[in-house]
Amino acid sequence: GGSRQAAEDLADLFELELDKLRNQYETLNRGQQQQADNTIDELMERLRELARKQEREAERQRRRARGQQSSQGGGTGQRALAEEAEEAARRLERLSREMNSPQMMDAARRLQEAADAMKRAAANDDNLGFAEAGAALDRLRDVQERLQGEQAGRLQRDIQDQLRRANRLADQQREMASDVAGLGGNNGLSGAELDRFRM
């Protein structure tokens, strides 16, 4: 009997340690996930601003191509936007490696393509420059859509996490109720007192 009790105690201790490790792992995981989520939100805001600026730049490029606006210093704004897009692409690429996400890597590639198109637009004041500015804007919007998909997936993931946590808590509560019921037979707890533990 004594060795059986010792084995049960050991199993309980092991289960307790396992729970502790699982909780630490989940806490660490949640922290990393939260950091990634915040970076995605930041990048989304930056991309929205970039797209607005690129839209204005594309319109300026169109007017320059038609000779309605002086081409003097024309590519400066476009080059500055290209640098911003490249910096955002680098951040997105870093994040995709951390998250091991091929979709994010693809979005980073598209963003780099947008930056390259911006550079080409800056080098040309003609219709080609206008076409490149438009292509850059299209790619920026494409990346925005991909990141919005990532944000939508986050909501689904959070719901699944909460469901898993609730199921685990329910299992633990059932185990405790069962343990208390076992104690009830030995310690003379009333049915009403046992019910309180089960609730």
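Asks: What am I meant to see in the overall build of the protein chain here?
Replies: Scanning the protein chain from terminus to terminus reveals five helices and zero strands. Start at the N end of the protein chain and walk to the C end: the helices and strands fall as α-α-α-α-α. When the 199 residues of the protein chain are sorted by exposure, 27% land in the buried category. Taking the contacts inside the protein chain whose residues are at least 6 apart along the sequence as the reference set, 72% of them involve residues at least 24 apart. Carbon and sulfur atoms form 50% of the exposed surface of the protein chain, whose accessible area is close to 12900 Å².

Asks: Help me out: how do you make sense of helix H2 (residues 76-99) in this one?
Replies: It helps to recall that an α-helix has 3.6 residues per turn; residues three or four apart then point in one direction. Helix length check: H2 (24 residues) gives 35 Å between terminal C-alpha atoms against 34 Å at 1.5 Å per residue, within 8%. Among the residues of H2, those classed as buried are Gln78, Leu81, Ala82, Ala85, Glu86, Ala88, Ala89, Arg91, Leu92, Leu95 and Ser96. Among the residues trailing H2, Asn100 stands out with phi positive, at a value near 55 degrees.

Asks: How should I be thinking about the side chain of Thr39 in this particular structure?
Replies: Checked against the element boundaries, Thr39 lands in helix H1 (residues 2-65). Side-chain polar atoms of Thr39 contact the backbone oxygen of Gln35, separated by 3.0 Å. Leaving out residues up to four positions away in the same chain, Thr39 has contacts with Arg91 and Leu95.

Asks: I'm lost on the pattern of salt bridges in this one. Help?
Replies: Pairs can form between side chains of opposite charge whenever their charged atoms are close. Tallied over the full model, the rule gives 18 salt bridges. For Arg63, the salt bridge identified is with Glu59, shortest N-O distance 3.4 Å. Of this pair, Arg63 and Glu59 both sit in helix H1, four residues apart, which is roughly one turn of that helix. One salt bridge connects Arg110 with Glu113, and the closest N-O pair in it is separated by 3.0 Å. Taken together, the residues Arg110 and Glu113, both in helix H3 (residues 102-123) and three residues apart, mark about one turn of the helix.

Asks: Looking at this model, I keep getting lost on the packing of H2 against H3. Mind explaining?
Replies: The description of two packed helices rests on the angle between their axes and on the distance between the axes. Contact geometry for H2 and H3: axes closest at 8 Å, N-to-C directions at 165 degrees. Taken together, H2 and H3 sit at an angle that is classed as roughly antiparallel. Crossing angle aside, the handedness with which H2 passes H3 is left-handed.

Asks: Just checking my understanding: could you explain a nonpolar patch on the surface for this structure?
Replies: Taken together, the side chains of Leu10, Leu13 and Leu16 present a nonpolar region at the surface, about 330 Å² in accessible area. With respect to the secondary-structure elements, Leu10 resides in helix H1. According to the relative accessible area criterion, Leu10 is exposed, its value standing at 59%.

Asks: Looking at this structure, I do not really get the environment of Arg48. What am I missing?
Replies: Tracing the backbone shows Arg48 in helix H1. Taking the relative accessible area as the measure of exposure, Arg48 reaches 32% and is therefore partly exposed. Considering only alpha carbons, one finds Arg48 and Leu140, 92 residues apart in sequence, at a separation of 8.6 Å.

Asks: Help me out: how do you make sense of the confidence of the model for the protein chain in this one?
Replies: Close reading of the predicted structure is inappropriate where its pLDDT is low. Looking at the protein chain as a whole, its pLDDT mean stands at 79, while 78% of the residues score no less than 70. Within the protein chain, no element has a lower average pLDDT than helix H5 (residues 191-198), which sits at 53, and none a higher one than H3, at 91.

Asks: So what exactly am I meant to see when it comes to the nonpolar core here?
Replies: Of all hydrophobic cores here, the largest spans 25 residues; its most connected members are Leu47, Leu92, Leu111, Met118, Leu140, Val143 and Leu147. Considering each element in turn, this core owes the most residues, eight residues, to H3.

Asks: In this structure, what is going on with a negative patch on the surface? I would like to understand it.
Replies: On the surface, a cluster of negative charge is made up of Asp9, Asp12, Glu15 and Glu175. Counting residues per element, the negative patch draws most heavily on H1, which supplies three residues. Position of Asp9 among the secondary structure elements: in helix H1. The class for Asp9 is partly exposed, based on a relative accessible area of 40%.

Reading guide: rules and limits
Residues numbered from 1 in each chain as written. Predicted model: local features only at pLDDT ≥ 70, side-chain atom pairs only at ≥ 80, totals over all residues. Heavy atoms only, no water. Helix = DSSP H or I, 4+ residues; strand = E, 2+ residues; numbered from the N terminus. Buried < 20%, exposed > 50% of the residue type's maximum accessible area, 1.4 Å probe, protein only. Contact = heavy atoms within 4.5 Å. Areas by Shrake-Rupley, 256 points an atom, 1.4 Å probe, with all protein chains shown as cover. Expected span 1.5 Å × (residues − 1). Polar contact = N/O pair within 3.5 Å; in protein donor to acceptor, adjacent residues only side chain to side chain. Salt bridge = Lys/Arg side-chain N within 4 Å of Asp/Glu carboxyl O. Axes fitted to C-alpha atoms, helices over the stretch in contact; angles between N-to-C directions. Parallel < 35°, antiparallel > 145°, perpendicular 65-115°, else oblique. Left-handed = near helix turned anticlockwise from the far one by under 90°. Patch = residues over 30% accessible without salt bridge, like charges linked within 9 Å, V, L, I, M, F, W, Y side chains within 5 Å. pLDDT = per-residue confidence, 0-100. Core = buried A, V, L, I, M, F, W, Y, C linked by side-chain atoms within 4.5 Å. Lys, Arg positive; Asp, Glu negative; His and termini not counted. Charge placed at Lys NZ, Arg CZ, Asp CG, Glu CD.

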